[in-house]
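Chain and residue survey
Below are the chains, spelled out letter by letter.
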Amino acid sequence: LTMARQLRPGLIILDYNLPKADGGFVLTTLRKDAASVEMGIIMLSGEQDLDTDALLEAGADAFLPKNTEGIALLNTVRTVLENRGSFRRTGTWG
C-alpha cells in the first residue's frame, strides 16, 4: 500500500494471496484512497473457489487465474490501461 501511494503506478497486478495481507483488503483500501483510485488493478489468484465477481465489484478492473498464458495477460494489461487512459492509441506507453 505504501509503495502504491508513493509511486502511483498506472497499473498494479495484485495477487489475492499476499504473505502479510489479504489482496481483497488491499484492493478496497486502494479504491477508497483518492491518490490511487485511478490506478488500473488486475487481480490474480490460484484459488479455484474465489468469488471473482465480488473482487470486480470491489474495484478490480480484471481478474485472471495465475496460470493465465502470457499473451492473455498482456492483452488484459493493454485493455485495462486503454480503459484507464494510460495507453495512447499509438501503442506507446505514457
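Below is a summary of the structure that appears in this document.

Once that is clear, we can look at the environment of Leu 30. Along the chain, Leu 30 falls in helix H2 (residues 23-32). With a relative accessible area of 1%, Leu 30 lands in the buried category. Residues Leu 30 and Ile 41 lie 11 residues apart in sequence; the distance between their C-alpha atoms is 9.3 Å. Other than its neighbours up to four places away in sequence, Leu 30 contacts Leu 1, Ala 4, Ile 12, Ser 36, Val 37 and Ile 41.

This next bit is on the pairing of strand E2 (residues 40-45). The element E2 is extensively covered by neighbouring structure, given that 6 of its 6 residues are classed as buried. Alternating positions in E2 separate into two faces, Gly 40, Ile 42 and Leu 44 on one and Ile 41, Met 43 and Ser 45 on the other, with burial throughout. As paired strands, strand E1 (residues 11-15) and E2 are joined by 5 bridges and run parallel to one another. From the neighbouring strand, Ile 13 faces E2, where its bridge partner is Ile 42. Read as a crossover between parallel neighbours, the route from E1 over H2 to E2 is right-handed. In this sheet, strand E3 (residues 62-65) lies alongside E2 in parallel orientation, the contact comprising 4 bridges. Bridged to Ile 42 within E3 is Ala 62. What joins E2 to E3 is helix H3 (residues 52-57), and the crossover it makes is right-handed.

The next point concerns the side chain of Asp 15. With respect to the helices and strands, Asp 15 occurs in strand E1. In terms of polar contacts, Asp 15 uses its side chain to reach the backbone amide nitrogen of Asn 17, at 2.9 Å. Among the polar contacts listed, one links the side chain of Asp 15 to the side chain of Lys 66, at a separation of 2.7 Å. Those residues in contact with Asp 15, other than ones at most four positions away along the chain, are Gly 23, Leu 44, Ser 45 and Lys 66.

So, on to the environment of Arg 31. Considering the arrangement of structural elements, one finds Arg 31 in helix H2. With relative accessibility at 15%, the residue Arg 31 sits in the buried group. Each C-alpha atom, one on Arg 31 and one on Ile 42, is 13 Å from the other, the two residues being 11 residues apart in sequence. When neighbours within four sequence positions are excluded, Arg 31 is seen to be in contact with Ser 36, Val 37, Glu 38, Met 39, Gly 40, Ile 41, Ala 58, Gly 59, Asp 61 and Arg 84. Polar side-chain contacts of Arg 31 include one of 2.9 Å to the side chain of Asp 61.

What counts and what doesn't
- Residues numbered from 1 in each chain as written.
- Predicted model: local features only at pLDDT ≥ 70, side-chain atom pairs only at ≥ 80, totals over all residues.
- Heavy atoms only, no water.
- Helix = DSSP H or I, 4+ residues; strand = E, 2+ residues; numbered from the N terminus.
- Buried < 20%, exposed > 50% of the residue type's maximum accessible area, 1.4 Å probe, protein only.
- Contact = heavy atoms within 4.5 Å.
- Pairing = 2+ DSSP bridges.
- Right-handed = clockwise from strand over helix to strand, strands pointing away.
- Polar contact = N/O pair within 3.5 Å; in protein donor to acceptor, adjacent residues only side chain to side chain.

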